[in-house]
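Analysis of the macromolecular model
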Amino acid sequence: MAMKPEEVLRLIADARGDAICVPTMTTAPAWRAIAADDLSVGCVGFMGGASSIGLGLALAHPERRVLVFDGDGSLLMQLGALATNAGAPARNFVHFLFRNNVYHTSGAQEIPGGEGVDFVLMAKGAGYREAFAIREMDELERRLPHILTAHGPLFVELHTTLADKTPMTAGMGVPFAKQVETLRDKLLAADAAR
């Protein structure tokens, strides 16, 4: 049975520690509600960019875990990012793929290839250190400690239902430039406190 994205995000939020998070499209509204003041920058309005932003953050901050909350429709827009992510020396990079087989934000049209698209195989072929799918909450609960500590890059496909809200129904949130500025300020403050 597919997992609710909001439940998945709550579980990750409770375990993430000081990780930087990059939610995209369908995960963004729920993440804003669950982790309103964390170290995150939402990737809404430019499908396919979340893993590239996350990789840049992971390379710039190797002392922190970086968690990308990507969507299957978004990843299809930038499949080449899989090879870029896998080829980079980002051992702190975790690429979560929220798989619901539709472009949820734009009206729930089926993604090209539908259920036949094998993202895990593509991630393995691109060279991710680990790539696997999780279909149930109890398996995610069991595997999450490993996911949050293992050397990356890791690719974790999460089979989910549709989210309760999308950026189209909940609003786009804080403008991207302001999110980046806020994240930068928080990271500089944290680095200065060390």
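Look a little higher up for the structure.
The text that follows walks through the structure, step by step, so that each part is easy to find. (Residues numbered from 1 in each chain as written. Predicted model: local features only at pLDDT ≥ 70, side-chain atom pairs only at ≥ 80, totals over all residues. Heavy atoms only, no water.)

1. Description of the overall build of the protein
What counts here: Elements are defined by DSSP. Helices are runs of H or I of four residues or more, strands are runs of E of two residues or more, and each kind is numbered from the N terminus. For every residue, the accessible area (1.4 Å probe, protein chains only) is compared with the maximum for its type, and the residue is labelled buried under 20%, exposed over 50%, or partly exposed between those bounds. Residue contacts are counted whenever heavy atoms from the two residues lie within 4.5 Å of one another. Surface exposure here means Shrake-Rupley accessible area, sampled with a 1.4 Å probe, where a residue is shielded only by the protein chains that are shown.
Secondary structure summary: the protein contains 9 helices and 7 strands in total. Here the protein, with 194 residues, has 54% of them falling under the buried criterion. In the protein, 74% of the contacts between residues at least 6 apart in sequence involve partners at least 24 apart. With the model as given, the accessible surface of the protein reaches about 8700 Å², and the carbon-plus-sulfur share is 56%.

2. Some thoughts on helix H6 (residues 119–126)
As a reminder, the rule being used: When we speak of the arc, we mean the arc of directions from the helix axis to the C-beta atoms. Nitrogen and oxygen atoms within 3.5 Å of one another constitute a polar contact, given that in protein one can donate a hydrogen and the other can accept it, and given that sequence-neighbouring residues count only through two side-chain atoms.
Within H6, the full set of buried residues consists of Phe119, Val120 and Ala123. Within H6, the buried residues cover an arc of 100 degrees as seen down the axis, which keeps them to one side. Exposed positions of H6 whose direction lies more than 90 degrees from the buried face are Leu121 and Gly125. Along its buried surface, H6 packs onto helix H4 (72–77), helix H5 (81–87), strand E3 (93–99), strand E6 (130–134) and strand E7 (154–159). Put simply, Asp118 is the residue that caps the front of H6, since its side-chain oxygen is 3.3 Å from the backbone nitrogen of Val120. The first or second residue beyond H6 is Gly127, which carries a positive phi of 110 degrees.

3. Focus: the pairing of strand E2 (residues 66–71)
Residues in a regular strand project their side chains so that they alternate between the two faces of the sheet. Applicable threshold: Any two strands between which DSSP finds at least two bridges are classified as paired.
Extensive coverage of E2 is indicated by the burial of 6 of its 6 residues. The two faces of E2 match: Val66, Val68 and Asp70 on one face and Leu67, Phe69 and Gly71 on the other face are all buried. Relative to E2, strand E1 (residues 20–23) runs parallel, the two sharing 4 bridges. From the neighbouring strand, Ile20 faces E2, where its bridge partner is Val66.

4. Some details on the nonpolar core
One broad rule of soluble globular proteins: the nonpolar side chains tend to lie buried together. To be explicit about the condition: Here, the term nonpolar core denotes a set of buried Ala, Val, Leu, Ile, Met, Phe, Trp, Tyr and Cys residues that are joined through side-chain atoms within 4.5 Å.
Counting residues in hydrophobic clusters, the biggest one holds 28 residues, and the most contacted among them are Ile20, Leu57, Phe93, Phe119, Tyr128, Phe155 and Leu183. Take this core: its biggest share by element is 4 residues, from helix H3 (residues 50–60). Membership of the second largest hydrophobic core comes to 27 residues, among which are Val8, Leu67, Val94 and Phe96.

5. Considerations on the sheet that holds E6
Rules: What counts as an axis is a line fitted to C-alpha atoms, over the stretch in contact for a helix, and the angles between N-to-C directions run from 0 to 180 degrees.
One open sheet holds the 5 strands; their spatial order is E1-E2-E3-E7-E6, and the pairing between them is parallel. Pairing within the sheet leaves two strands with one partner each, and these edge strands are E1 and E6. When the angles between neighbouring strand axes are averaged without regard to direction, this sheet yields 15 degrees. In this structure, E6 lies alongside E7, joined through 5 bridges in parallel fashion. Bridging across to E7, Ala131 finds its partner in Phe155. Along the sheet, helix H1 (residues 5–15) makes contact with E2, E3 and E7, crossing E3 at roughly 160 degrees. In the packing of helix H7 (residues 137–147) onto the sheet, contacts are made with E3, E6 and E7, and the angle to E6 comes to roughly 160 degrees.

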